[in-house]
Amino acid sequence: LDFFDVYGVLDNSAIPDRCVQECTQGGRDAASYCERWADELAFTVPQDMARASLKHWGAWEDLNTATDREITLRVLWLACCELSESGRENALYILE
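Okay, so let's go over this structure. Please read all numbers here as calculations on a predicted model, not as lab measurements.

This paragraph deals with the overall build of the protein chain. For the protein chain, the helix and strand inventory stands at four helices and two strands. When the helices and strands of the protein chain are read in sequence order from the N terminus, they spell out β-α-α-α-α-β. Here the protein chain has a C-alpha radius of gyration of 12 Å; the compact-globule value for 96 residues is 12 Å, and the two agree. Along the first, second and third principal axes, the C-alpha atoms of the protein chain reach 30 × 30 × 25 Å. Considering the protein chain as a whole, with its 96 residues, one finds that 44% of them fall into the buried category. Within the protein chain, residue pairs in contact and separated by at least 24 positions form 63% of the contacts whose partners lie at least 6 positions apart. Put simply, the protein chain shows about 5,700 Å² of open surface, and 48% of that area lies on carbon and sulfur atoms. Of the charged side chains in the protein chain, 8 are positive and 18 negative; the average position of the first set lies 5 Å away from that of the second.

A word on the packing of helix α3 (residues 47-57) against helix α4 (residues 68-86). Two elements in contact, α3 and α4, have axes separated by 10 Å at closest approach and are oriented at 60°. Relative to α4, the element α3 is oriented oblique. Of the two elements, α3 crosses α4, and the hand of that crossing is left-handed. Across the interface between the two elements, Gln47, Ala50, Arg51, Leu54 and Trp57 of α3 pack against Asp68, Ile71, Thr72, Arg74, Val75, Leu78 and Glu82 of α4.

Here we take up the environment of Gly87. On the secondary structure map, Gly87 appears in the loop between α4 and β2 (92-93). You can call Gly87 buried: its relative accessible area is 18%. Along the chain, Gly87 and Asn12 lie 75 residues apart, while their C-alpha atoms are 8.9 Å from each other.

On to unusual backbone geometry, then. Most peptide bonds adopt trans geometry, and most residues besides glycine take a negative phi value. Phi at Ala42 is positive, roughly 55°, even though this residue is not glycine. Turning to its location among the elements, Ala42 is positioned in the loop between α2 (31-41) and α3.

By size, the foremost hydrophobic cluster in this structure holds 30 residues, and its most contacted members are Phe4, Ile15, Phe43, Val75 and Leu76. Contributions of two or more residues to this core are made by α1 (17-23), α2, α3 and α4. Ranked by residues supplied to this core, first place goes to α4 with eight residues. Discounting residues that sit within four places of it in the chain, Leu76 has contacts with Ile15, Cys19, Cys34, Trp37, Ala38 and Phe43.

Conventions adopted
- Chains are numbered independently. Their residues run from 1 in the order of the written sequence.
- pLDDT decides what is reported in this predicted model: residues at 70 or higher carry local features, side-chain atom pairs at 80 or more are listed and counted, and totals for whole chains, interfaces and linings draw on all residues regardless.
- Side-chain measures were taken over the full set of non-hydrogen atoms in the model, leaving aside hydrogen atoms and water.
- Secondary structure elements follow DSSP: runs of H or I no shorter than four residues count as helices, runs of E no shorter than two count as strands, and numbering proceeds from the N terminus.
- Every radius of gyration here is taken over C-alpha atoms, with the globule rule written as 2.2 Å times N^0.38, N being the number of residues.
- The buried label goes to any residue with under 20% of its type's maximum accessible area, the exposed label to any with over 50%, and the partly exposed label to all in between, with areas taken from a 1.4 Å probe on protein chains only.
- Only heavy atoms matter for contacts: two residues are in contact if any of them lie within 4.5 Å across the pair.
- Accessibility throughout is a Shrake-Rupley quantity obtained with a 1.4 Å probe, and a residue counts as covered only by protein chains that appear here.
- Positive charges come from Lys and Arg alone, negative charges from Asp and Glu alone, with His and the N- and C-terminal ends not counted.
- Here the site of a charge means atom NZ of a Lys, CZ of an Arg, CG of an Asp or CD of a Glu.
- Throughout, an axis means a line fitted to C-alpha atoms (over the contacting stretch in the case of helices), and angles, computed between N-to-C directions, take values from 0 to 180 degrees.
- An angle below 35 degrees is read as roughly parallel, one above 145 as roughly antiparallel, one from 65 to 115 as roughly perpendicular, and any other as oblique.
- Here is the rule for handedness: rotate from the far helix to the near one, and if that takes an anticlockwise turn smaller than a right angle the crossing is left-handed, while a clockwise turn gives right-handed.
- We call a set of buried residues a nonpolar core when its members are Ala, Val, Leu, Ile, Met, Phe, Trp, Tyr or Cys and they connect through side-chain atoms within 4.5 Å of each other.

Read these as layout, nothing more, since geometry by itself doesn't imply function.
In structure tokens form, the structure reads like this:
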């Protein structure tokens, strides 16, 4: 399953509501939820595009040394946050 198109637009229907809820719970460490959901969904991201996008977000300084798995989990977390905040009706350009 491809979660993003060639432009970095997320297929909003590919992320279940429960995943969004669990990965964005306030006051909790979402890492374990993101790990479980990434495995369950077989969530993948195009690594070059993901790293460039995360650099644009400016939140991580270890992008050159982060593993593909770490990058994938960060993108899943961001996607869930965007879906939680913006809803499913708008196209989400997670990867730019």
